[in-house]
Amino acid sequence: MIDAGVRPNTITYSSVATALERSGKWELATRLLAKLRADGDAVDRILCNTVVSACARAGEVGKATAELEAMRGDGIEADRYSYNGLLTAHANAKPAPDAAAARGALSAMEAAGVAPDLVSFNSLITALGRAGDLEGALRTLKGLGSRGLKPDAYSYTAAIGACADNAAASGAAAAAAALGLLEEMSRRRVEPTALTYS
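Report follows, based on the coordinates. Not measured: the values here are computed from a predicted model.

Rules behind the numbers
- Residues numbered from 1 in each chain as written.
- Predicted model: local features only at pLDDT ≥ 70, side-chain atom pairs only at ≥ 80, totals over all residues.
- Heavy atoms only, no water.
- Salt bridge = Lys/Arg side-chain N within 4 Å of Asp/Glu carboxyl O.
- Helix = DSSP H or I, 4+ residues; strand = E, 2+ residues; numbered from the N terminus.
- Buried < 20%, exposed > 50% of the residue type's maximum accessible area, 1.4 Å probe, protein only.
- Expected span 1.5 Å × (residues − 1).
- Contact = heavy atoms within 4.5 Å.
- Polar contact = N/O pair within 3.5 Å; in protein donor to acceptor, adjacent residues only side chain to side chain.

**Here's the deal with the pattern of salt bridges**
A side chain of one charge can pair with a side chain of the opposite charge if their charged atoms are brought near each other. Evaluation of the coordinates by the stated rule reveals 11 salt bridges. A salt bridge links Glu-69 to Arg-72, with the shortest nitrogen-to-oxygen separation between them at 2.4 Å. Of this pair, Glu-69 and Arg-72 both sit in helix α4 (residues 61-73), 3 residues apart, which is roughly one turn of that helix. Glu-69 sits in the partly exposed class, given a relative accessible area of 45%. The class for Arg-72 is partly exposed, based on a relative accessible area of 38%. In this structure, the salt-bridge partner of Arg-188 is Glu-184, at a minimum N-O distance of 3.6 Å. A single salt-bridge network, built from bridges that share partners, covers Arg-37, Glu-67 and Asp-74.

And the structure:
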């Protein structure tokens, strides 16, 4: 492209970052963005969010957080997609998420004036479950209505996953909670997905 005399723009770079994100190459995505910044090239919210998402898929909380901070340094306000990427990073953190840090990410989102949506809370439920906070995950699900949100199949699947993640520690209580969630889905006419049963 460059050899042909065509200069890439932010759309081109966003496409490259998306390809890197989808192929799990978060390090290359962050290096691409760092190079653009170092070269003084313009970056935009879409490109930055794509890199945050690449880090999130890999569970790289520190890198996702750093990219969010770098956006601010670029004069780009983080939006719901930015923060949802950070929450996804918390949900995917290895070896296990930190429940307090995941809650802190949601609080930071709200403090920035960005209203969390169902995706935000679904990621938080997943993070809390994987962090061993089954009660927190179930409380978050139950609290969706007070925030004007209606749980969907992904919300319930995240909560049932939290039960599965905590089955060894919680035993019969986790199994009973999972069955109760399936019954609640049926009562509320929320269609389970294949993932709900896995």
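**Regarding unusual backbone geometry**
Omega for the bond connecting Lys-94 with Pro-95 falls within 30 degrees of zero, at 0°, which places this linkage in the cis form. Unusually for a residue other than glycine, Arg-189 sits at a positive phi of about 60°. Looking at the element boundaries, Arg-189 is found in the segment after α11 (172-187). You can call Arg-189 exposed: its relative accessible area is 75%.

**Brief notes about helix α9 (residues 153-165)**
In this model α9 runs 18 Å from its N-terminal to its C-terminal C-alpha over 13 residues, within 8% of the 18 Å that 1.5 Å per residue would give. When α9 is considered as a whole, its buried residues turn out to be Ala-153, Ser-155, Tyr-156, Thr-157, Ala-158, Ala-159, Ile-160, Ala-162 and Cys-163. Of the surrounding elements, those touching the buried residues of α9 are α7 (118-130), α8 (134-142), α10 (167-170) and α11. Two or three places before Tyr-154, at the start of α9, stands the capping residue Asp-152, its side-chain oxygen 3.0 Å from that residue's backbone nitrogen.

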